[in-house]
Amino acid sequence: FKALSPMVAAMADDAIMGKNITLAVYDGAAYRPVACLTSNGISITQEMLELPITKCSPDKKSKKGDLSYEIPFEGQFIDTTTVGGDTAKASYDFLVTHMKSMKDTDSKTRWKQTTTIGATSDVIYGEGHIINLELTAPAEGEATFSATLQGEGWFSSTEPEDEV
């Protein structure tokens, strides 16, 4: 994480609390923080390609292929779309509509993750697709949702530009 390295180095002895790492989804005008996050993360995978065994190279070898990432996140379902709802946030109701809109327009979901420690914030941006969204609604208890955003390309400390 290039974007986190200065903070991590400066705070080497201090644990970074999960509540200080937030996720937001771009709605076409502004980034909406994912409402009432209970957890979020990023999972990076290094593809390993096996090379063919030859007479010149009889040992099994591999080389590095592509890097990919996914962002799993979970939150509490709150009203973010109706009159009186918290329309500045992204919850299950917003994300359902957003997924459909991204599919219909063949667009990518833009996201940003902010890590805040004291007065310092580090932000990374990326694009991808929400590949699953699940609502859990127990008979007694709060409704929650979980989702996975699959990255396309790589993330950066620079915000993507709008396509014209």
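Because the structure is a prediction, the values reported are computed rather than measured.

A. Looking closely at the side chain of Ser-91. Relative to the elements of secondary structure, Ser-91 occurs in the loop between strand 5 (61–76) and helix 2 (92–104). Ser-91 sits in the buried class, given a relative accessible area of 0%. A distance of 3.0 Å separates a polar side-chain atom of Ser-91 from the backbone nitrogen of Ile-78. In this structure, Ser-91 is in contact with Ala-35, Gln-76, Phe-77, Ile-78, Thr-80 and Phe-145, ignoring residues within four places of it in sequence.

B. Structural view of the pattern of salt bridges. All chains considered together, the criterion is met by 6 salt bridges. We note a salt bridge from Glu-50 to Lys-60, for which the minimum N-O separation is 3.5 Å. You can see Glu-50 sitting in strand 4 (residues 43–51) and its partner Lys-60 sitting in the loop between strand 4 and strand 5, a full 10 residues away along the chain. Lys-60 matches Glu-50 in its accessibility class, with the two residues each being exposed. Across the pair Lys-108 and Glu-127 runs a salt bridge whose closest N-O atoms are separated by 3.9 Å. Of this pair, Lys-108 sits in the loop between helix 2 and strand 6 (109–117) while Glu-127 sits in strand 7 (residues 120–136), and the two are 19 residues apart along the sequence. Where salt bridges share partners, they join Lys-108, Glu-127 and Glu-152 into one cluster.

C. Representation of the side chain of Arg-110 within the structure. As for its placement among the helices and strands, Arg-110 is situated in strand 6. For Arg-110, a relative accessible area of 9% corresponds to the buried category. One polar contact links Arg-110 to Glu-159, side chain to side chain, over a distance of 3.3 Å. Polar side-chain contacts of Arg-110 include one of 3.1 Å to the backbone oxygen of Pro-160.

D. Layout of the environment of Glu-134. Structurally, Glu-134 is set in strand 7. Between the C-alpha atoms of Glu-134 and Ala-147, which are 13 residues apart in sequence, the distance is 6.2 Å. Once residues lying within four places of it in the same chain are set aside, the contact partners of Glu-134 are Tyr-92, Thr-144, Phe-145 and Ser-146.

E. Main features of the confidence of the model for the chain. Summary statistics for the chain give a mean pLDDT of 87 and a share of 90% for residues scoring 70 or more. Across residues 1–6, where pLDDT falls below 50, the model places 13 contacts with residues more than four positions away in sequence or in other chains.

F. Representation of the environment of Leu-49 in the model. Following the sequence through the fold, Leu-49 ends up in strand 4. Residues Leu-49 and Lys-64, 15 residues apart in the sequence, show an inter-C-alpha distance of 6.1 Å. Non-local contacts of Leu-49, meaning those with residues more than four positions away in its chain, are made with Lys-61, Ser-62, Lys-63 and Gly-65.

G. Region of the structure containing a nonpolar patch on the surface. A cluster of nonpolar side chains, Ile-44, Leu-67 and Trp-154, forms an exposed patch at the surface whose accessible area comes to about 280 Å². By the secondary structure assignment, Leu-67 is in strand 5.

What counts, and at which threshold
- Residues numbered from 1 in each chain as written.
- Predicted model: local features only at pLDDT ≥ 70, side-chain atom pairs only at ≥ 80, totals over all residues.
- Heavy atoms only, no water.
- Helix = DSSP H or I, 4+ residues; strand = E, 2+ residues; numbered from the N terminus.
- Buried < 20%, exposed > 50% of the residue type's maximum accessible area, 1.4 Å probe, protein only.
- Polar contact = N/O pair within 3.5 Å; in protein donor to acceptor, adjacent residues only side chain to side chain.
- Contact = heavy atoms within 4.5 Å.
- Salt bridge = Lys/Arg side-chain N within 4 Å of Asp/Glu carboxyl O.
- pLDDT = per-residue confidence, 0-100.
- Patch = residues over 30% accessible without salt bridge, like charges linked within 9 Å, V, L, I, M, F, W, Y side chains within 5 Å.
- Areas by Shrake-Rupley, 256 points an atom, 1.4 Å probe, with all protein chains shown as cover.

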